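# A look at the structure
The lines below spell out each chain.
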Amino acid sequence: PEGKCDEASWLPQTTLAAIAASDAQLAGLGVWIHSEFFAGKQVLTQAALARCATLMDLAVLVTSTSGCFPKTRTRRAVWWRSTLRNLLDHVPTDATLFQSMTYQGSSARAF
């Protein structure tokens, strides 16, 4: 029937006014958000929920305030993490140049 709440047709651009005009109640949506993402605690006020114009705004608000979503991205180790080790890995060296410093024998002997 007309005016029936059809959650399957909701898109990120769907306005909360359009949801309120259907059979869905925004108060019930707020209760579901708090029970699902905030362990039942009343974290978001009704005013904060009312400031959201679309479902995308509501999703951004929930994901930024809830502890259910990771806040930092995990990144791969980058090459500059260990600058000295990477410098030594990439500097071309010839071991024969430093043998006089490490060899304890006669320096006149050729290798």
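In this convention, every chain numbers its residues from 1, walking through the sequence in written order. The model is predicted, so local features are restricted to residues of pLDDT at least 70 and side-chain atom pairs to those at 80 or more, both for listing and for counting; the totals for chains, interfaces and linings are taken over all residues. Each side-chain value is worked out from all heavy atoms of the structure, with water and hydrogens disregarded.

## Here's the deal with the overall build of the protein
Counting from the N terminus, the helices are DSSP H or I runs at least four residues long and the strands are E runs at least two residues long. Tallying secondary structure elements over the protein gives six helices and zero strands in all. For the protein, the α and β elements follow one another from N to C terminus as α-α-α-α-α-α. Each residue gets one of three labels from its accessible area relative to the maximum for its type: buried under 20%, exposed over 50%, partly exposed in between, using a 1.4 Å probe on protein chains only. Within the protein, the fraction of its 111 residues that count as buried is 19%. Within the protein, counting contacts between residues at least 6 apart in sequence, those at least 24 apart form 43% of the total. Computed with the Shrake-Rupley method and a 1.4 Å probe, the accessible areas treat only the protein chains shown as cover for residues. Of the roughly 9200 Å² of accessible surface on the protein, 60% is carried by carbon and sulfur atoms. Note on contacts: a residue pair is in contact if any heavy atoms of the two residues lie within 4.5 Å.

## With respect to the layout of surface pockets
Over the atoms, a rolled probe matching the size of one water molecule traces out where space is still vacant. Using a grid of 1 Å spacing that covers the protein atoms alone, one calls a set of points a cavity when a 1.4 Å probe fits there but cannot get out, and a pocket when the set is open and has protein on both sides within 12 Å along at least five of seven lines; lining residues are those with an atom within 4 Å of a point. Grid points are joined across faces, edges and corners, and a volume is the space filled by probe spheres set on the points. In this model, the largest pocket occupies a volume close to 190 Å³. Around the largest pocket, the lining residues are W10, P12, L29, W32, I33, F37, L55, M56, L58, A59, V62 and F69. Top element by residues in the lining of the largest pocket is helix 4 (residues 55-65). It accounts for five residues. When residues are grouped by polarity, Ala, Val, Leu, Ile, Met, Phe, Trp, Tyr, Cys and Pro land in nonpolar, Asp, Glu, Lys and Arg in charged, and all others, Gly among them, in polar. Here the residues of the lining of the largest pocket are counted per class, giving 12 nonpolar, no polar and no charged.

## Observations regarding the side chain of H34
Along the polypeptide, H34 turns up in helix 2 (residues 26-37). What makes H34 buried here is its relative accessible area of 3%.

## Some points on helix 2
Spanning 12 residues, helix 2 covers 16 Å between terminal C-alpha atoms, matching the ideal 16 Å at 1.5 Å per step. Considered for burial, the residues of helix 2 that qualify are L29, G30, I33 and H34. Down the axis, helix 2 shows its buried residues gathered within 135° of arc, on one side only. Tucked inside the fold, the buried residues of helix 2 contact helix 3 (46-50) and helix 4. Directly beyond the C-terminal end of helix 2, a positive phi value near 55° is found at A39. For a helix, the expected span equals 1.5 Å multiplied by the residue count minus one. Think of it as the arc spanned by the lines of direction from the helix axis to the C-beta atoms.

## Describing the confidence of the model for the protein
In predicted models, pLDDT denotes the confidence assigned by the predictor to each residue on a 0 to 100 scale. Residues with a pLDDT of 70 or more make up 65% of the protein, whose mean pLDDT is 76. Across the protein, the secondary-structure element scoring lowest on mean pLDDT is helix 6 (residues 99-102), at 58, and the one scoring highest is helix 4, at 92.

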